[in-house]
Amino acid sequence: MEATRRRQHLGATGGPGAQLGASFLQARHGSVSADEAARTAPFHLDLWFYFTLQNWVLDFGRPIAMIDSFELLYYYDEYLGHCMWYIPFFLILFMYFSGCFTASKAESLIPGPALLLVAPSGLYYWYLVTEGQIFILFIFTFFAMLALVLHQKRKRLFLDSNGLFLFSSFALTLLLVALWVAWLWNDPVLRKKYPGVIYVPEPWAFYTLHVSSRH
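What you see is a predicted model, and the numbers here were worked out from it, not measured in a lab. (Residues numbered from 1 in each chain as written. Predicted model: local features only at pLDDT ≥ 70, side-chain atom pairs only at ≥ 80, totals over all residues. Heavy atoms only, no water.)

Asks: Outline the overall build of the protein, supporting the account with residue identities and numerical values.
Replies: For the protein, the count of helices and strands is nine helices and two strands. Listing every helix and strand of the protein by position from the N terminus yields α-α-α-α-β-α-α-β-α-α-α. For the protein, restricting intrachain contacts to residue pairs at least 6 apart in sequence, the fraction spanning at least 24 positions comes to 80%. (Helix = DSSP H or I, 4+ residues; strand = E, 2+ residues; numbered from the N terminus. Contact = heavy atoms within 4.5 Å.)

What follows is the structure, encoded as structure tokens:
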């Protein structure tokens, strides 16, 4: 009788193995829920600061230091580099941006230190778009980001701090490009140099024609 009662008790509880498995699954699911509830999207200030600084040093400082012995490198950067660098660059940015969403609206804020980086970041992208003559690629990426934001909003997903920083930088870039084009819209010399439908003068062309020529 005692053996029979013990077997019935083990069958009802599922045995030690079943209890251990159930406890493991409960603990595992409980920890996942706790992790998801406590998950945050901290703003990567050091990453964005280094990224912005590196871009300025490599892209803006390079033409200043360019000498005759680097003409082949300059040719490579101006012509071949557009396809081999800019397209993967914006594609990677968009892929990163697509993962910058959170279900918590409280996390959809830009921290104070990040606001200081929006201006230099947006200014860098303005230089990249105008000097690199990649306005079509930029505007396509920006509208793709905007469409993704609207699509995710219907799922009640919001941009986290990193996504807001990148989107704000692009929005500032678009504003700077619009102001740049409006300022030089009636320039006859640059109009002749850039006769296409999309009129986005290069900063170095403006500097060469209107600044350095006066000295």
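From this point on, the discussion continues.
Asks: Mind laying out the nonpolar core, listing which residues take part and the relevant values?
Replies: Within the largest apolar cluster, 33 residues are counted, with the highest numbers of intra-cluster contacts made by Phe97, Tyr125, Leu128 and Phe170. Within the residue set of this core, elements represented by two or more residues are helix H4 (71-98), helix H5 (112-132), helix H6 (135-154), helix H7 (161-183) and helix H9 (203-210). For this core, the leading source of residues is H7, giving seven residues. Setting aside anything within four residues of it in sequence, one finds Phe97 in contact with Met145, Leu148, Val149, Leu159, Gly163, Leu166 and Phe167. In terms of nonpolar packing, the next biggest core, distinct from the first, is built from five residues, Phe43, Ala114, Leu117 and Val118 among them. (Core = buried A, V, L, I, M, F, W, Y, C linked by side-chain atoms within 4.5 Å. Buried < 20%, exposed > 50% of the residue type's maximum accessible area, 1.4 Å probe, protein only.)

Asks: Account for the environment of Leu209, with residues named and values stated.
Replies: Here Leu209 shows up in helix H9. Between the C-alpha atoms of Leu209 and Leu190, which are 19 residues apart in sequence, the distance is 8.4 Å. If we skip the residues at most four places from it in the chain, Leu209 touches Val189, Leu190 and Lys193.

Asks: Describe the packing of H6 against H7, naming the residues involved and giving the relevant values.
Replies: Interaxial distance between H6 and H7 falls to 11 Å at its minimum, and their mutual angle equals 135°. Comparing their axes, H7 and H6 come out oblique. Remark: the crossing between H6 and H7 carries left-handed chirality. Between H6, through Phe135, Phe138, Ile139, Thr141, Phe142, Met145 and Leu146, and H7, the contact on the second element is made entirely by Leu166, Phe167, Phe170, Ala171, Thr173, Leu174 and Val177. Across the contact of H6 with H7, the residue classes break down as 12 nonpolar, two polar and no charged. (Axes fitted to C-alpha atoms, helices over the stretch in contact; angles between N-to-C directions. Parallel < 35°, antiparallel > 145°, perpendicular 65-115°, else oblique. Left-handed = near helix turned anticlockwise from the far one by under 90°. Nonpolar A, V, L, I, M, F, W, Y, C, P; charged D, E, K, R; others polar.)

Asks: Any chance you could break down a nonpolar patch on the surface for me, citing the residues and the numbers?
Replies: On the surface, Ile136, Val197 and Ile198 cluster together to form a nonpolar patch covering roughly 350 Å² of accessible area. With respect to the helices and strands, the residue Ile136 is situated in helix H6. (Patch = residues over 30% accessible without salt bridge, like charges linked within 9 Å, V, L, I, M, F, W, Y side chains within 5 Å. Areas by Shrake-Rupley, 256 points an atom, 1.4 Å probe, with all protein chains shown as cover. Salt bridge = Lys/Arg side-chain N within 4 Å of Asp/Glu carboxyl O.)

Asks: Go over H5, please, and point to the residues and values.
Replies: For H5, spanning 21 residues, the distance from its first C-alpha to its last is 31 Å, which sits close to the expected 30 Å at 1.5 Å a residue. Approximately 30° is the largest bend angle found in H5, and it occurs at Val118, with the proline Pro120 only one to four residues beyond. (Expected span 1.5 Å × (residues − 1). Bend = angle between axes of the 7 residues up to and from the residue.)

Asks: For the environment of Phe206, give the residues involved together with the corresponding values.
Replies: One can find Phe206 in helix H9. The class for Phe206 is buried, based on a relative accessible area of 18%. As for Phe206 and Val189, which are separated by 17 residues in sequence, their C-alpha atoms are 9.4 Å apart. Here Phe206 is in contact with Trp180, Trp183, Leu184, Leu190 and Val211, once residues within four sequence places are set aside.

Asks: Describe in detail the UniProt feature "transmembrane region" (unreviewed entry) in the protein, supporting the description with residues and values.
Replies: Feature annotation in UniProt assigns "transmembrane region" (unreviewed entry) to the following positions: residues 79-97, 109-127, 133-151 and 163-185. Secondary structure over residues 109-127 splits into 84% helix and 0% strand, and the C-alpha atoms at its two ends are 27 Å apart. Annotation note: span residues 133-151, helix share 89%, strand share 0%, distance between end C-alpha atoms 29 Å. (UniProt positions renumbered as here; feature names shortened; annotations may be inferred.)

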